[in-house]
Amino acid sequence: MPLRHDWSREEIQALLELPLLELLWRAQQVHRAANPGYRVQLASLLSVKTGGCEEDCAYCPQSMHNSADVAGRPALAVEPVLEQARAARQAGAHRFCMGWAWRDIRDGAPFEAMLAMVRGVRQLGLEACVTAGMLTDGQAERLAAAGLTAYNHNLDTSPEHYGQIITTRTYQERLDTLARVRRAGITVCSGGIIGLGESLRDRAGLLQVLANLEPHPESVPINVLVAVEGTPLEEQAPLDPLELVRMVATARILMPSSRVRLSAGRQQLNREAQILCLQAGADSIFYGDTLLTTGNPDVAADRELLAAAGVQVEPVDGR
């Protein structure tokens, strides 16, 4: 299937505005053509270093600028993280993601521990993903040498709306981080959040930036705001779940071969809305009880959901 990297914002907004059933039909056509033998990848996410982040993201309870800051938890050591990775593998996870609430990666002992975690996760036969803020070319190269599968660095929203959500890091710095990850030979995981008070045009703008990256991000997480008390967006109204369905379907059309991941905010969706997202082209879910510092459906509920949808999961290597 030919891939495009020249989408206009008007084209993308027109897709987002299609009648829902028409949009779902188009997304399914693309999804079946690009991803035969459809399987859902289960990914588990662990917060290694929680809270005290220098960034001022308006949605985040880990920011030291917000009264919801969950600082005070010591960073996890290597072995406890690998114990969690083993448990995730036993529960059926195919990818193990690790998060550090940093503006950028710290050299020295914290980075050496990160590298050991990546090596350990890969030795378990799992994909390894890290999200830890900005990084240098040298750090990216060392992560690649350790076997890192993917590096997550979300764009959050459109370039125009971005300044209303975060002021301590520029949009270009985010794009520069993705470029360093790509140069090092690590796959890119980058998406955004809806429900931040953005317009439909902003959603189209976020998708335009992602879809016009060449190559496309291998992984595109679509998050829904979890409004946390003590953050500037705590009073933000809940999003209609069908808005998430529209974002997933449009992302699938724009980036046919990327994994479109249901991420934060999935706990707010009923079973039917989640199945619609799978129908729209989502082929990965974050799996487990906690997604960094906000809730996520538990493993048993996820298993029941996938069974009800008749969806097969991506097997772990060697299983």
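First things first, this report covers the structure right here in the doc. All of these numbers come straight from a predicted model, not from anything done at the bench. (Residues numbered from 1 in each chain as written. Predicted model: local features only at pLDDT ≥ 70, side-chain atom pairs only at ≥ 80, totals over all residues. Heavy atoms only, no water.)

### Comments concerning the overall build of the protein
Helix and strand content of the protein: ten helices and twelve strands. Computed over C-alpha atoms, the radius of gyration of the protein comes to 18 Å, within 12% of the 20 Å expected from 2.2 N^0.38 for 319 residues, which places it in the range of a compact globule. With respect to the three principal axes, the spread of C-alpha positions in the protein is 50 × 45 × 35 Å. Looking at the protein as a whole, 56% of its 319 residues are labelled buried. The long-range share in the protein, meaning contacts at least 24 apart out of those at least 6 apart in sequence, stands at 75%. About 12900 Å² of surface is accessible on the protein, with carbon and sulfur atoms providing 51% of the total. Of the side chains in the protein, 30 bear a positive and 38 a negative charge, and the two mean positions are spaced by 6 Å. (Helix = DSSP H or I, 4+ residues; strand = E, 2+ residues; numbered from the N terminus. Rg over C-alpha atoms; globule rule 2.2 N^0.38 Å. Buried < 20%, exposed > 50% of the residue type's maximum accessible area, 1.4 Å probe, protein only. Contact = heavy atoms within 4.5 Å. Areas by Shrake-Rupley, 256 points an atom, 1.4 Å probe, with all protein chains shown as cover. Lys, Arg positive; Asp, Glu negative; His and termini not counted. Charge placed at Lys NZ, Arg CZ, Asp CG, Glu CD.)

### Comments concerning unusual backbone geometry
For the bond from Glu214 to Pro215, the omega torsion is 0°, close enough to zero to count as cis. In this fold, Pro215 is placed in the loop between α7 (200–211) and β7 (219–224). Unusually for a residue other than glycine, Asp156 sits at a positive phi of about 75°. Structurally, the position occupied by Asp156 is in the loop between β4 (150–152) and α6 (171–183).

### Overview of the state of the cysteines
Counted under the stated rule, the structure contains zero disulfides. A disulfide-free cysteine, Cys57 has its sulfur positioned 5.9 Å from the sulfur of Cys60, the nearest such atom. Of the cysteine sulfurs around Cys189, a residue in no disulfide, the closest is that of Cys129, at 4.8 Å. (Disulfide = S-S within 2.5 Å.)

### Brief notes about the pattern of salt bridges
Tallying each qualifying case throughout the model produces 22 salt bridges. For Glu112, the salt bridge identified is with Arg142, shortest N-O distance 2.8 Å. Of the two residues, Glu112 sits in helix α4 (residues 109–123) while Arg142 sits in helix α5 (residues 137–146), which places them 30 residues apart along the sequence. Of the residues examined, Arg142 reaches a relative accessible area of 41% and is grouped as partly exposed. The network of salt bridges with common partners includes Glu55, Arg103, Arg169 and Glu173. (Salt bridge = Lys/Arg side-chain N within 4 Å of Asp/Glu carboxyl O.)

### Structural notes on the side chain of Thr157
One can find Thr157 in the loop between β4 and α6. Dropping the residues within four chain positions of it, Thr157 is found in contact with Tyr162, Ile165, Tyr171, Leu196, Glu198 and Leu206.

### Comments concerning the packing of helix α9 (residues 271–280) against helix α10 (residues 299–309)
At a closest axis distance of 10 Å, the pairing of α9 and α10 adopts a crossing angle of 60°. Here α9 is positioned oblique relative to α10, judged by the angle of their axes. As α9 runs across α10, the sense of the crossing is right-handed. Across from Arg271, Gln274, Ile275 and Leu278 in α9, the residues of α10 making contact are Leu305, Leu306, Ala308 and Ala309. A breakdown of the residues in the contact of α9 with α10 according to their chemical character gives six nonpolar, one polar and one charged. (Axes fitted to C-alpha atoms, helices over the stretch in contact; angles between N-to-C directions. Parallel < 35°, antiparallel > 145°, perpendicular 65-115°, else oblique. Left-handed = near helix turned anticlockwise from the far one by under 90°. Nonpolar A, V, L, I, M, F, W, Y, C, P; charged D, E, K, R; others polar.)

### Focus: α7
Look at α7: 16 Å from first C-alpha to last across twelve residues, which is about the 16 Å you get at 1.5 Å a residue. If you check which residues of α7 are buried, you get Asp202, Arg203, Ala204, Gly205, Leu206, Leu207, Gln208, Val209, Leu210 and Ala211. On its buried face, α7 is in contact with α1 (9–16), α6, β6 (192–194), β7 and α8 (241–254). (Expected span 1.5 Å × (residues − 1).)

### Considering the nonpolar core
Generally speaking, soluble globular proteins have nonpolar side chains that are buried together. Within the largest apolar cluster, 91 residues are counted, with the highest numbers of intra-cluster contacts made by Met98, Leu143 and Tyr151. It is α8 that provides the largest number of residues to this core, a total of eight residues. Residue contacts for Met98: discarding those within four places in its chain leaves Leu45, Leu46, Val48, Val81, Met117, Val118, Val121, Ala128, Cys129, Val130 and Thr131. (Core = buried A, V, L, I, M, F, W, Y, C linked by side-chain atoms within 4.5 Å.)

### A look at α5
Of all the residues in α5, the buried ones are Gln139, Ala140, Leu143 and Ala146. Each buried residue of α5 sits inside an arc of 120° when the element is viewed along its axis, so together they form one side. In α5, those exposed residues whose orientation departs by more than 90 degrees from the buried face are Glu141 and Ala145. Contacts from the buried residues of α5 go to α4, β4 and α6. Backbone geometry just downstream of α5 places Gly147 in the positive-phi region, at approximately 100°. (Arc of directions from axis to C-beta.)

### Some words on the packing of aromatic side chains
Scanning all chains against the criterion turns up two aromatic pairs. The interplanar angle of 40° and the centroid separation of 6.0 Å between the aromatic rings of Trp100 and Trp102 together place this pair among those described as tilted. In terms of burial, Trp100 and Trp102 fall into one category: buried. Relative to Tyr171, the ring of Tyr162 lies with its centre 5.1 Å away and its plane at 85°, an arrangement referred to as edge-to-face. A single burial state applies to Tyr162 and to Tyr171, both of which are buried. (Phe/Tyr/Trp six-rings, centres within 6.5 Å; stacked < 30°, edge-to-face > 60°.)

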